[in-house]
Amino acid sequence: MKICTVFLLMFVSFATFAQNGIIKGKVLEASNNQSVPFANVVIDGTTIGVTTDIDGNYEIKDLEPGTYDVTASFLGFKTITESEVMVTNSKPTIIEFKMEEDVESVEEIVVTASPFKKTEESPVSLQTIGTTEIQRNPGGNRDISRVVRVLPGVTSTASFRNDLLIRGGAPNENRFYLDDIEVPNINHFATQGSTGGPNGLINVDFIREVDFFSGAFPANRGNTLSSVFNFKQKSGRDDRLGFTATLGTSDVGLTLEGPIGKKTTFIASARQSYLQLLFDVIGLPFLPTYNDFQFKIRTRIDERNEFYVTGLGAIDRFKLNLDANETAEQRYLLDNLPVNNQWNYTLGAAYKHFGENGFWTFVASRNMLNNDVFKHINNDEDNERFIDYTSTEAESKVRVENTSRFKGFKLTSGIGYQYVRYTNKTKSFQLVNGVAEPVTFESKLDFHKYSAFAQLSRKFFADRLTLSTGARLDGNTYSKEMANPLPQVSPRFSASFAVTPALSVNFNTGWYHQLPAYTAMGYRENGELVNQDRLKYLQNLHFVGGVAYNTKFKMKVSLEGYYKQYKNYPFLLNENLSLANLGSDFGVIGNAPLSSTGEGRTYGLELLVQQRSYKGFYGILAYTLGWTEFKDSKGEYVPSSWDSRHIINLAAGKSFNVTSKAKREQQNAKRAGMGKAPIKRKMIPQTLDLGMNFRFQTGLPYTPFDEQASALTRNWNTLRQGIRDYSLLNTERAKAFYGLDFRVDYKWFFEKWSFNIYVDLQNIPGVASGTPNLILDQGESGDDPIQINNPGQVNESYQLRKIEPGVGTIVPTLGIIVQY
């Protein structure tokens, strides 16, 4: 804090009170990208506003720093509002309004735009999160995977990981798109075969908003069963070169942005962690290091054509801290954790061409993951590796989409193609009849994927009734069965009826399909792809219905019910276990013998009360009551590992203008009444944000250990961890978890730059989450394991003991953000 104070004092002398915040951009027709001249753009709740010029451009100047709701309107078009737009003195805020034609509008009337998005294709299960909400979220630490936990239907397995469980689905059932470019994973130290990890790698400074679908997926977004994330990135500033520097408890980052000529802008960032230094100081037995990179270059060729290139990549390194071996828990982690090194990237380009009544989108991208996992005997690099896993996944993709409007209809259609290459070199172990057996194989796999989709939407009865229907076909050349796309037809249907302008009833149903993980498809025994004839596309049937009420005070109240029926889920043959119970830990998922015989179901209710910023107040109350069940080896439904019965989230906050022009005028008016001279000294605009987030979650089910099999020396010496007794699948449940996060943001807005300091306290009660573990009993000395049961015989065993989850700790984060 002393460093921050000195830093501020160095620059206060250069600060002046200035209202030079700017909001600018264009107002365009959504269907053809044509300019909308003479449209009104106003700041909600004020008399401040402008009219667009003949080219659709607008600029609102002399704004005080802070957040605003900005609305664009024009006769014959639907009014649109951008909520909680952050304005600073350091850079113009750029907003492009894409307005849709209002075919029912015949006269000029006053229409209030809703700050809550609802599309024709997805009238339910769609939430939109803005960049301001992400940045100020308590406990989120500027990580979108943590921010979405406040929404209904979302949970996670552990506070330190980003495994998203959406409406009871596994972490590998989520898909992510970055400006139309599919990104396989958005986390560092990704779990291969799943989508989770401990830290997010997307830079929030790039994000304009995020569309989060927990159902009612549009037909152009395939290969998913539980959720779709559409990340919409900002374009770089077009006036001059600028930067944003961030310094947090775990990493440091720099973002540069600016113009490249008259028609092109760029934004690029790099981030380096120093978490390993902190972990070393506090004595943790593992030392992670991560780096990530992100960029976007956009060229607006003309009103009809635009082109952009975007990229995202990470380099992750994980090593063991062999000096941290004083306690039994530390020794357990050192024995159990492998070394894990990864790198990945996604690089994509998109070209958009706008016609009279629609537009074409052409997308080409490539993504790749390289994953190395290994462990030496006794963690001595001079010894042999008894775990040695190296794998790569690479996808090259092309997609063509067309969106057009005619006679009140909206039609989206397209085709897609992918070339997949997967390699795997494995030296490890797997359980066979309760005994750890060695597994060694190499695998190379390449095949082609193809898809086609279409969705038609139409509004009726003065826009009160909206109907949408679509279908999707997916196939690939991995096997003869999968080559035929007809079994993977994915039809869907949505309907929404506006009972009143504020109250609507909404519904969606659809079949969705997802390809098994490449780790499962590429598994070999004796050189053969043993899963090839057993695997099918996963199937999921959705039913979602609900009501939504939007108040005039920017509040939304919604209640939704959902039912999801799973078929063809991968089932582990050796463990007699559905793969739906795995995927929330470090390592690799699905690299084993499997069959597509698993079945499951999830169902529940979700309540959401959301208040967008209104007079500085904002908040969310979300409650989920849900059940998640999958069939066990006996064909009976049992709770899955993601069956969190009750989830409650309450997040609230308040924004304050600590100093402003209005407050200065009030002070001077009061002084004038007292006969005192007005205050003339320079003043720095300052804002304060206070926020809290309370979370309660029923404990997740877990499977107890088979302590006898775990204790066998040949098993423990190989696996270094307990073996679960899957005949008692998920018969135990962890303790309920609750936590409270608190965040303070204080911002100073100088003439051309801003300074933000924040403090984020996570898990203030210090509650621990997790399940018990088995560790080797090494006696009082901590050196020699205790052997029991016939030493030297086949049933020779160690003595093990159980340890409960560790005591939870408060996690403080102090950060600084400088923007120029």
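Structure shown above.
Residues numbered from 1 in each chain as written. Predicted model: local features only at pLDDT ≥ 70, side-chain atom pairs only at ≥ 80, totals over all residues. Heavy atoms only, no water.

**Student:** Lay out the overall build of the protein chain with the relevant residues and their values.
**Tutor:** Looking only at helices and strands, one finds ten helices and 46 strands in the protein chain. Computed over its C-alpha atoms, the radius of gyration of the protein chain comes to 28 Å, within 12% of the 28 Å expected for a compact globule of 820 residues. By principal-axis analysis of the C-alpha atoms, the protein chain measures approximately 95 × 65 × 45 Å. The proportion of buried residues among the 820 residues of the protein chain is 57%. A separation of at least 24 residues holds for 67% of the contacts in the protein chain among residues at least 6 apart in sequence. For the protein chain, the exposed surface amounts to about 35200 Å²; the carbon and sulfur share of it is 57%. Looking at charge distribution, the protein chain has the averaged site of its 87 positive side-chain charges lying 7 Å from that of its 87 negative ones. (Helix = DSSP H or I, 4+ residues; strand = E, 2+ residues; numbered from the N terminus. Rg over C-alpha atoms; globule rule 2.2 N^0.38 Å. Buried < 20%, exposed > 50% of the residue type's maximum accessible area, 1.4 Å probe, protein only. Contact = heavy atoms within 4.5 Å. Areas by Shrake-Rupley, 256 points an atom, 1.4 Å probe, with all protein chains shown as cover. Lys, Arg positive; Asp, Glu negative; His and termini not counted. Charge placed at Lys NZ, Arg CZ, Asp CG, Glu CD.)

**Student:** Requested: an account of unusual backbone geometry, with residues and values cited.
**Tutor:** At Asn33, a position not held by glycine, the phi torsion is positive, near 65°. Note that Asn33 resides in the loop between strand 1 (21-29) and strand 2 (40-43). Using a relative accessible area of 1% as the deciding quantity, one classes Asn33 as buried. Positive phi outside glycine occurs at Arg167, with the angle close to 50°. By relative accessible area, which is 2% here, Arg167 ends up buried.

**Student:** Can you tell me about the sheet that holds strand 4 (residues 57-63), naming the residues and giving the values?
**Tutor:** Strand order in the open sheet formed by three strands is 4-1-7, with mixed pairing between adjacent strands. Looking at the sheet topology across the chains shown, the edges are occupied by strand 4 and strand 7 (93-99). Taking each pair of neighbouring strands and ignoring which way they run, the sheet shows an average axis angle of 20°. Pairing of strand 1 with strand 4, which is carried by five bridges, proceeds in the antiparallel orientation. Residue pairing in the sheet places Lys26 in a bridge with Asn57 of strand 4. (Pairing = 2+ DSSP bridges. Axes fitted to C-alpha atoms, helices over the stretch in contact; angles between N-to-C directions.)

**Student:** An account of the pairing of strand 23 (residues 358-376) is requested, with residue identities and associated values reported.
**Tutor:** Note on strand geometry: in a regular strand, side chains alternate between the two faces of the sheet. Buried residues dominate strand 23, accounting for 14 of its 19 residues. Across 16 bridges, strand 22 (residues 339-354) lies against strand 23 in antiparallel orientation. Paired with Thr346 across the two strands is Asn367, which belongs to strand 23. The antiparallel pairing of strand 22 with strand 23 creates a hairpin that spans three residues between the two strands. Where strand 23 lies against strand 24 (residues 385-406), 19 bridges are found, and the strand directions are antiparallel. For Trp360, the partnering residue across the bridge sits in strand 24 and is Asn402.

**Student:** Residue-level account of the pattern of salt bridges, with values.
**Tutor:** What the rule picks out here adds up to 44 salt bridges. Lys410 serves as the salt-bridge partner of Glu121, at 3.1 Å between the closest nitrogen and oxygen. Highlighted residues: Glu121 in the loop between strand 7 and strand 8 (126-130) and Lys410 in strand 25 (residues 409-432), separated in sequence by 289 residues. Judged by relative accessible area, which is 15%, Lys410 ranks as buried. (Salt bridge = Lys/Arg side-chain N within 4 Å of Asp/Glu carboxyl O.)

**Student:** Residues and numbers for the sheet that holds strand 15 (residues 207-213), please.
**Tutor:** Spatially, five strands are ordered 8-15-16-11-12 in an open sheet, and the strand pairing comes out mixed. Both edges of this open sheet fall to strand 8 and strand 12 (181-183), since each of them pairs with a single strand only. Within this sheet the neighbouring strands show an average axis-to-axis angle of 25°, counted without direction. The pairing of strand 11 (residues 174-178) with strand 16 (residues 227-233) spans five bridges and is classified as parallel. Paired with Asn174 across the strands is Ser227, a residue of strand 16.

**Student:** Give me the lowdown on the environment of Tyr332, citing residues and values where you can.
**Tutor:** Residue position: Tyr332 is located in helix 5 (residues 328-336). As a C-alpha pair, Tyr332 and Leu776 span 444 residues in sequence and 7.5 Å in three-dimensional space. The residues touching Tyr332, leaving out its near neighbours within four places in the chain, are Trp716, Arg720, Gln721, Asn773, Leu774 and Ile775.

**Student:** How would you summarise the pairing of strand 41 (residues 754-762) if you had to cite specific residues and measurements?
**Tutor:** A large share of strand 41 lies buried, amounting to seven of its nine residues. When strand 40 (residues 737-749) meets strand 41, the two strands line up antiparallel, connected through eight bridges. Residue Arg743 lies in a different strand from strand 41, and its bridge partner there is Asp760. The hairpin turn running from strand 40 into strand 41, its antiparallel successor, is four residues long. Two elements, strand 41 and strand 46 (residues 811-819), share nine bridges in a ladder whose sense is antiparallel. Within the sheet, the bridge partner assigned to Leu761 lies in strand 46 and is Pro812.

**Student:** Can you lay out the nonpolar core for me, pointing to particular residues and giving the numbers?
**Tutor:** Judged by nonpolar contacts, the single largest core of 38 residues is most densely connected at Phe447, Tyr478, Met521 and Tyr569. Residue assignment for this core shows that the elements contributing at least two residues are strand 25, strand 26 (435-460), helix 7 (518-521) and strand 31 (555-572). Apart from residues no more than four positions distant in its own chain, Tyr478 is found in contact with Leu445, Phe447, Met521, Leu529, Asn531, Gln532 and Leu535. By size, the runner-up hydrophobic cluster in this structure holds 28 residues, among which are Val183, Leu201, Ile202 and Ala651. (Core = buried A, V, L, I, M, F, W, Y, C linked by side-chain atoms within 4.5 Å.)

**Student:** Summarise helix 5; cite the residues concerned and give the values.
**Tutor:** The complete set of buried residues in helix 5 reads Ala328, Gln330, Arg331, Tyr332, Leu334 and Asn336. Its buried side turned inward, helix 5 meets strand 21 (305-320), strand 23, helix 10 (713-719), strand 42 (773-776) and strand 45 (800-803).

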